[in-house]
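So you can see what is in the structure, the chains are spelled out below.
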Amino acid sequence: MKLSHFLSLVAAVLALPACSPKLTSSITRQLAPLTAEDDIVVIDARTAIPDNAILLGTAKVGDSGFTTPANGTYDKTLSLVMGEARSAGGNVIRITKEIPPTPNYTTHRIEAEIYRLDDLSLLTREKENDTVVTSQHPDYAIIYFYRPGDTIGPLVKYDVYINDTKVYHCVRNTKAEVKIYEPAKVRIWAKTEAKTEITLDVAQGEDYYIECDVAMGIFVGRPDLRVTDPRFGVNIYNSIDTK
């Protein structure tokens, strides 16, 4: 085999793992692994965990830096967490954070807790007993803006606008809420060396969560604004202590 062909083959083999999302985990308790036939239940952060569930650890899936969009779908990133859960003996995955792809990240990013629960029907019964929660503010909508303390570009600050009104000064470990009293399609935007803008259809009685971050730029970095699923956004927003 020619040396050039050999080197090309080696490079191709080394590149294969990098095309997949990056999984990191912290398993603090190891039980007997599950088989492919064993059920795994996936729940969101709003679902309470029964007291007799055993926490085995946590898992996190992010962009490897070379992940292709086809390999970064929600199903494929979740399958990595499910594989880790099976290896640890866990049959419940509680997703605590999920961020969809953005122009700077080609994969769904997931953070999750892994549990072992002997009676999965406890989760089923709990869901059956769930009641519909009516809005606590039917006459207006609330847009929650937040920037966690662990984001990149810690020195980059910017102002966030709704249409032409400044509503939030974005620095790390801060949050703000804005009430909208009429249904409307609003422009949410911010600008540093470049401008980022998203459009949001606002309906009365609804809650919206906007995570504000910094994306890579040429000199300073540019605003990264993304709408977060309320199931996960509420937990991140409430975890930010601005004192």
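Refer to the structure printed above.
Sheet architecture is open: four strands sit in the order E9-E6-E12-E13, paired in mixed fashion. Sheet topology places strand E9 (174-180) and strand E13 (222-228) at the edges, where each strand pairs with a single neighbour. Direction aside, neighbouring strands of the sheet carry axes that sit 25 degrees apart on average. Of the strand pairs in this sheet, strand E6 (residues 141-147) and E9 are connected by seven bridges, and their pairing is antiparallel. Note on E9: the bridge partner recorded for Ile 142 is Lys 179. Docked against the sheet, helix H4 (residues 230-239) engages E6, E9, strand E12 (207-215) and E13, running at close to 70 degrees with respect to E12.

Oppositely charged side chains may form a pair once their charged atoms are brought near each other. Taken as a whole and judged by the stated rule, the model has ten salt bridges. Of the charged contacts in the structure, one is a salt bridge between Asp 213 and Arg 226, with a shortest N-O distance of 3.5 Å. Of this pair, Asp 213 sits in strand E12 while Arg 226 sits in strand E13, placing them 13 residues apart in sequence. Neither residue differs from the other here; Asp 213 and Arg 226 are each classed as buried. Residues joined in a network through salt bridges with shared partners are Asp 164, Arg 187, Lys 195 and Glu 197.

Reading the values: the criteria
Residues numbered from 1 in each chain as written. Predicted model: local features only at pLDDT ≥ 70, side-chain atom pairs only at ≥ 80, totals over all residues. Heavy atoms only, no water. Pairing = 2+ DSSP bridges. Helix = DSSP H or I, 4+ residues; strand = E, 2+ residues; numbered from the N terminus. Axes fitted to C-alpha atoms, helices over the stretch in contact; angles between N-to-C directions. Contact = heavy atoms within 4.5 Å. Salt bridge = Lys/Arg side-chain N within 4 Å of Asp/Glu carboxyl O. Buried < 20%, exposed > 50% of the residue type's maximum accessible area, 1.4 Å probe, protein only.

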